[in-house]
Amino acid sequence: MRSVEATVERRKKLALLPYAWITIGVAALSVVLHEFGFAFDAVNIALMYLFPVLFSAVYWGLVPSFYAAAAGVLAFDYFFVPPFLSFSVEDLRYLLSFAVYLAVAALTATLAARLKQQVKLSKEREAHTAALYSLSRQMAAVGEIKTLLENIALQVSVTVQAQIAIYMPDARSELARTAYSPGDHGFGEGESAMVIAKWTFEHGRMAGRGTETLGEFPGLFVPLRTEERTYGVLAVRADAGALSAESRHLLEAFGGLAATAIARVKLSEEAKLAQLTAESERIRTALLDSVSHELRTPLATVIGSATGLIDGEDVFSSDDRRELLVTIRDGALRMNRLVTNLLGMVKLESGMLALRRDWVDAEDMIGVVLSQVRGFVGERRIEVRIQEPTPYFPGDEVLLEQVLVNVVSNAIKYSPDGSEVVIAVRQSGSWVRISVADNGIGIGEEDRERIFDKFYRGPGSNGTTGTGLGLAICKGIVEAHGGTITAAPRAERGTVVTVALPAGKPELPEGWQREEEEQQ
Amino acid sequence: MTTETGARILVVDDEPQIRKLLKVTLKAHHFDVLEAETGEDGIYQASINHPDLIVLDLGLPDVSGMTVLNRIREWSRIPIIVLTAKDREADKIEALDGGADDYVTKPFGMGELVARIRVALRHSGNAQQEPVLRFGRLVIDLAQRLVELDGTRVKLTPTEYELLKVLASNAGKVITQRQLLQQVWGGHHHESDTHYLRIYIGHLRKKLEEDPTRPTFIETEPGIGYRFLLQEQAK
């Protein structure tokens, strides 16, 4: 409160300032005119005295300009109307001049002051428009109801310089004060305020100070409504002096704007929830399907083969035994792949995956990938084409190898024996592209995006085992590196999967290689 | 192969299933097997029974596998192969830097484990350095600092030669990036210098390998380091 008093005090001082300036101005003008005064005739001098009048009308308004006019007449009379240095007037015709002067001064002052008033008004309107605009822009950026309401409360209270309360229906559809302006003074908490807020909410009309309903209540209640429904109530404290019509319009506009924003956030929250439910439903089904099939099948073969071996020790030939043992191993390996993929997905989704950024040598990485897939290449040939000089790029080599092993394994899995898989690495501009091309059955156009979805299995994958997690993990890893992974049909037959990663150049000290060679 | 039979192997693992599996298989390969269920027991048995090699699980109930490793390394150079279900590179690197000779991750192929055990045993057998190392087509003469491939001299820069020397004299073992940096560049290296390593290894491969993407001499252990392949390991 002290700051308010100080402001008032300062304002009072400021209000006296124009009169002091006018007095000084008129005195100075009189001195100047008096020095050269006899060169002019009286009419010109009278005109000169209109200057302070106009000036104060434009800058300080009506009353100071009248003061300037009076001061002008007195100075004119005293210094320039004979007898000089006296207020008495020799020639009575000068009285007429005074009257004309005063009339002209009054008229111009009024005009100038009105102009000033209009400028002030339009500035205010502009400020209101700006406030509305900034509120609407802020609201468009907020995606959560609570933050949105707090934002509105803050913005409105700053714009209209008053305390604000916002009422919204709670979980039990009871209206409650959910947001308020910062530095809350408990405005809008009382029972009577609640009653008016309820009335406003139910009727969707303004109530309180200056309206038809409860016009004497120290607060204005504005419904937050769109055309369809009312979302809440905005209350503005307005006890001393009713709010101007301008402010009421502004508040109404704020109300509409806020209601639209609330409606938007509510709708998007509902949509998000619905999408989330559907997605989690889909994933749950897929996970159950996948786990029950992918885990049970190999488990069944492992248990079956093992019990067979134990129970019928003497019935099997050594070839049969070997066959059963290979089945056990393959079943276990398949389960291991599933578990690894599920763990990978969990790591990826829980954000546990920490990227280690290091320089990756494409040639080295492909060497590791080849040694990892060696086991199931079968009769297929793998050709490697690496651009010279070998591209280096920043990334986590272990994770990126996992990506490539997955992609190359897929290429092998979906292409026939005797065909060729081509791995190519090339750098173009700021991207390093690693592509894996096969001669397989290819991917339908509608599946090219979806194969990177979790648990998605293409229609062509019947008969091949897998969980549909591998490529989803690849996508997660590649995107964590700021890269992209895409699938496209190969010109002749098959598919090309391309991993594009941001390139870079490892920093090496100047001439490190040359020094080495010279030492030889 | 006959030289390793009869070697005594201490298995330190808290899982009875794994111990049983190892015991049965290693016995079938004519190794003597000792078992320890806890880390403390493992350290105790290592000190009184003088095993020729230790297979050590990292996740033990009483003290961590790393502690066991460090405590044994205080007084012994017995080859230790770490057997771990932890698949984070950091754990493997810590174990290798801490003095382990090799690591095998669970689930593991028995054949691979047995092969690693053989390599480690052989390595400990001839720890004294030969002046000339021979790996199939590749001959490294440590006394003359000469490298020959198929009988022709290969020109290597000093750093490339040092790198090859460190890797080849530890053939069959994983050498971590840190160990390599320390041994080749000495004390004044930086963790971020690993990309020099990559580039030098790339150069070495270009000079030694027929196809650098299918290396037969220097194999990359992703995220961990490099291994110079004994020729029976190269396929």
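Residues numbered from 1 in each chain as written. Chains lettered and ligands numbered in written order. Predicted model: local features only at pLDDT ≥ 70, side-chain atom pairs only at ≥ 80, totals over all residues. Heavy atoms only, no water.

K.L.:
Just to check I follow, could you spell out the overall build of chain A for this structure?
P.N.:
Regarding its fold elements, chain A presents 13 helices and twelve strands. When the 520 residues of chain A are sorted by exposure, 41% land in the buried category. Of all intrachain contacts in chain A linking residues separated by at least 6 positions in sequence, the fraction that spans at least 24 positions is 62%. Of the roughly 29,500 Å² of accessible surface on chain A, 59% is carried by carbon and sulfur atoms. (Helix = DSSP H or I, 4+ residues; strand = E, 2+ residues; numbered from the N terminus. Buried < 20%, exposed > 50% of the residue type's maximum accessible area, 1.4 Å probe, protein only. Contact = heavy atoms within 4.5 Å. Areas by Shrake-Rupley, 256 points an atom, 1.4 Å probe, with all protein chains shown as cover.)

K.L.:
Where do I start with the overall build of chain B in this structure?
P.N.:
Within chain B, the secondary structure is distributed over eight helices and twelve strands. Across the 235 residues in chain B, those meeting the buried criterion constitute 55%. Considering only residue pairs separated by 6 or more positions, chain B has 58% of its internal contacts joining residues 24 or more positions apart. For chain B, the accessible surface area stands at approximately 10,700 Å², while carbon and sulfur atoms represent 49% of it.

K.L.:
When you look at the nonpolar core in this model, what are you seeing that I'm missing?
P.N.:
Nonpolar side chains tend toward joint burial in soluble globular proteins. Residue and element names in this part refer to chain A. Counting residues in hydrophobic clusters, the biggest one holds 46 residues, and the most contacted among them are Ile382 and Phe393. Top contributing element to this core by residue count: helix α11 (residues 397–413), with nine residues. Contacts of phenylalanine 393, omitting those with residues within four sequence positions, involve Asp358, Trp359, Val360, Ala362, Met365, Leu400, Val432, Ile434, Leu501, Pro502, Ala503 and Gly504. (Core = buried A, V, L, I, M, F, W, Y, C linked by side-chain atoms within 4.5 Å.)

K.L.:
Just checking my understanding: could you explain a nonpolar patch on the surface for this structure?
P.N.:
Residues and elements named next belong to chain A. On the surface, a nonpolar cluster with roughly 740 Å² of combined accessible area is contributed by Leu17, Trp21, Ile24, Phe55, Val58, Tyr59 and Trp60. Elements that contribute at least two residues to the nonpolar patch include exactly α1 (2–36) and α3 (50–60). Per-element accounting of the nonpolar patch gives the leading share, four residues, to α3. (Patch = residues over 30% accessible without salt bridge, like charges linked within 9 Å, V, L, I, M, F, W, Y side chains within 5 Å. Salt bridge = Lys/Arg side-chain N within 4 Å of Asp/Glu carboxyl O.)

K.L.:
Just checking my understanding: could you explain the packing of helix α10 (residues 362–373) of chain A against α11(A) for this structure?
P.N.:
How two helices sit against one another is set out by the angle between their axes and by the gap between those axes. All names here are of chain A. Here α10 crosses α11 at 50°, and the two axes come no closer than 9 Å. In terms of their interaxial angle, α10 and α11 are classed as oblique. The way α10 lies across α11 gives a crossing that is right-handed. Across the interface between the two elements, Met365, Ile366, Val368, Val369, Gln372 and Val373 from α10 touch Glu397, Leu400, Glu401, Leu404, Val405, Val408, Ser409 and Ile412 from α11. (Axes fitted to C-alpha atoms, helices over the stretch in contact; angles between N-to-C directions. Parallel < 35°, antiparallel > 145°, perpendicular 65-115°, else oblique. Left-handed = near helix turned anticlockwise from the far one by under 90°.)

K.L.:
Which parts of the structure should I look at to understand the UniProt feature "modified residue: 4-aspartylphosphate" (unreviewed entry) in chain B?
P.N.:
All names here are of chain B. The UniProt entry lists Asp57 under the feature "modified residue: 4-aspartylphosphate" (unreviewed entry), expressed in the numbering used here. The topology assignment puts aspartate 57 in strand β3 (residues 53–57). For aspartate 57, a relative accessible area of 4% translates into the label buried. Once residues lying within four places of it in the same chain are set aside, the contact partners of aspartate 57 are Val12, Asp13, Asp14, Gly65, Leu83, Thr84 and Lys106. (UniProt positions renumbered as here; feature names shortened; annotations may be inferred.)

K.L.:
Could you clarify how one ought to interpret the interface of chain A and chain B in this entry?
P.N.:
Across the contact, 34 residues belong to chain A and 27 residues belong to chain B. For the pair chain A and chain B, the interface holds four salt bridges. Taking the shortest distance from any N to any O, the salt bridge between Asp358(A) and Arg198(B) comes out at 3.0 Å. Taken together, chain A and chain B are joined by nine residue pairs in polar contact (both at pLDDT 80 or more). Breaking the side of chain A that touches chain B down by element, the ones donating at least two residues are α9 (318–349), β6 (358–361), α10, β7 (381–386), α11 and α13 (512–519) of chain A. Taken together, the residues of the side of chain A that touches chain B break down into 14 nonpolar, seven polar and 13 charged. (Polar contact = N/O pair within 3.5 Å; in protein donor to acceptor, adjacent residues only side chain to side chain. Nonpolar A, V, L, I, M, F, W, Y, C, P; charged D, E, K, R; others polar.)

K.L.:
How should I be thinking about unusual backbone geometry in this particular structure?
P.N.:
Most of the time, phi is negative for any residue but glycine, and the peptide bond is trans. Here the amide bond leading from Glu388(A) into Pro389(A) is cis, since omega sits at -10°, within 30 degrees of zero. Between Lys106(B) and the following residue, Pro107(B), the backbone shows a cis peptide bond with an omega angle of -5°. Of note, the phi angle at Ser173(A) is positive, near 65°, even though the residue is not glycine. Relative to the elements of secondary structure, Ser173(A) occurs in the loop between β1 (164–169) and β2 (175–180). Residue Ser173(A) is classed as exposed on the basis of its relative accessible area of 60%. With phi around 65°, His30(B) is a residue other than glycine that occupies positive phi space. Positionally, His30(B) belongs in the loop between α1 (16–28) and β2 (32–36). A relative accessible area of 53% means that His30(B) is categorised as exposed.

K.L.:
Would you mind going over the side chain of Thr84(B) with me for this structure?
P.N.:
Tracing the backbone through its elements, the reader meets Thr84(B) in strand β4 (residues 80–84). Ignoring sequence-local partners within four residues, the contact set of Thr84(B) consists of Asp57(B), Leu58(B), Val104(B), Thr105(B) and Lys106(B).

K.L.:
Explain the pairing of β3(B) to me, please; I cannot follow it from the model alone.
P.N.:
Regular strands show a simple pattern: their side chains alternate between the two faces of the sheet. All names here are of chain B. In terms of residue burial, β3 counts as a mostly covered element, since five of its five residues are buried. Burial along β3 is two-sided: Leu53, Val55 and Asp57 and Ile54 and Leu56, pointing in opposite directions, are all buried. Here strand β1 (residues 8–12) runs beside β3; their pairing, made up of four bridges, is parallel. Each bridged residue has a counterpart across the sheet, and for valine 12 the counterpart in β3 is leucine 56. In this structure, β3 lies alongside β4, joined through four bridges in parallel fashion. Counterpart to isoleucine 54 in the pairing with β4 is isoleucine 80. The parallel pair β3 and β4, bridged by helix α3 (residues 65–73), forms a crossover whose chirality is right-handed. (Pairing = 2+ DSSP bridges. Right-handed = clockwise from strand over helix to strand, strands pointing away.)

K.L.:
I'm lost on the confidence of the model for chain A in this one. Help?
P.N.:
When pLDDT drops low, the exact placement of atoms in the prediction is not to be read closely. In the predicted model, chain A carries a mean pLDDT of 81, and the fraction of residues at 70 or more is 90%. Across chain A, strand β10 (residues 431–437) of chain A holds the top mean pLDDT of 93, while α13(A) sits lowest at 56. (pLDDT = per-residue confidence, 0-100.)

K.L.:
How do you make sense of the sheet that holds β2(A) when you look at a structure like this?
P.N.:
Two strands in a sheet stick together by hydrogen bonds in their backbones, pointing the same way (parallel) or opposite ways (antiparallel). Residue and element names in this part refer to chain A. Taking strand neighbours across the sheet as the criterion, the five strands line up as β2-β1-β5-β4-β3 in an open arrangement whose pairing is antiparallel. Edge positions in the sheet fall to β2 and β3 (207–208), since each has one partner strand and no second. Taken together, the two bridges between β3 and strand β4 (residues 220–225) define a ladder with antiparallel strand orientation. The partner of glycine 208 across the bridge, within β4, is leucine 220. Helix α6 (residues 145–160) contacts β1, β2 and β5 (230–236) of the sheet and is inclined by roughly 150° relative to β1.

K.L.:
Looking at this structure, I do not really get the pairing of strand β8 (residues 146–149) of chain B. What am I missing?
P.N.:
All names here are of chain B. Covered by surrounding structure in β8 are Val147 and Leu149 only, the residues Leu146 and Glu148 on the alternate face being uncovered. Examined bridge by bridge, strand β7 (residues 138–141) and β8 share four bridges and lie antiparallel to one another. Counted as the bridge partner of isoleucine 140 is valine 147 from β8. Hairpin connection between β7 and β8: a loop of four residues separates the two successive antiparallel strands, and arginine 145 in this loop has a positive phi of roughly 55°.

K.L.:
Looking at this structure, I do not really get the packing of aromatic side chains. What am I missing?
P.N.:
In this description, a pair of aromatic rings is defined by centroid distance and the angle of the planes. On inspection of all chains with the given rule, the structure shows 13 aromatic pairs over all chains. With 6.2 Å between their ring centres and 55° between their planes, Phe79(A) and Phe80(A) make a pair best called tilted. With a relative accessible area of 9%, Phe80(A) lands in the buried category. Seen in terms of ring centroids, Trp185(B) and Tyr200(B) are 5.5 Å apart; in terms of plane orientation they differ by 55°. Their pairing is tilted. On the criterion of sequence distance, the pair formed by Trp185(B) in helix α7 (residues 177–185) and Tyr200(B) in helix α8 (residues 194–208) is long-range, its members being 15 residues apart. (Phe/Tyr/Trp six-rings, centres within 6.5 Å; stacked < 30°, edge-to-face > 60°.)

K.L.:
Would you mind going over the confidence of the model for chain B with me for this structure?
P.N.:
Per-residue confidence for chain B gives a mean pLDDT of 86; residues scoring 70 or more make up 92%. Two numbers describe this predicted complex: its pTM, 0.59, and its ipTM, 0.79.

K.L.:
What is the right way to look at the side chain of Thr495(A) in this model?
P.N.:
Looking at the element boundaries, Thr495(A) is found in strand β12 (residues 495–502). Excluding anything up to four places from it in sequence, Thr495(A) contacts Val436(A), Ala437(A), Asp438(A), Gly442(A), Ile443(A), Ala487(A), Ala488(A) and Arg490(A).

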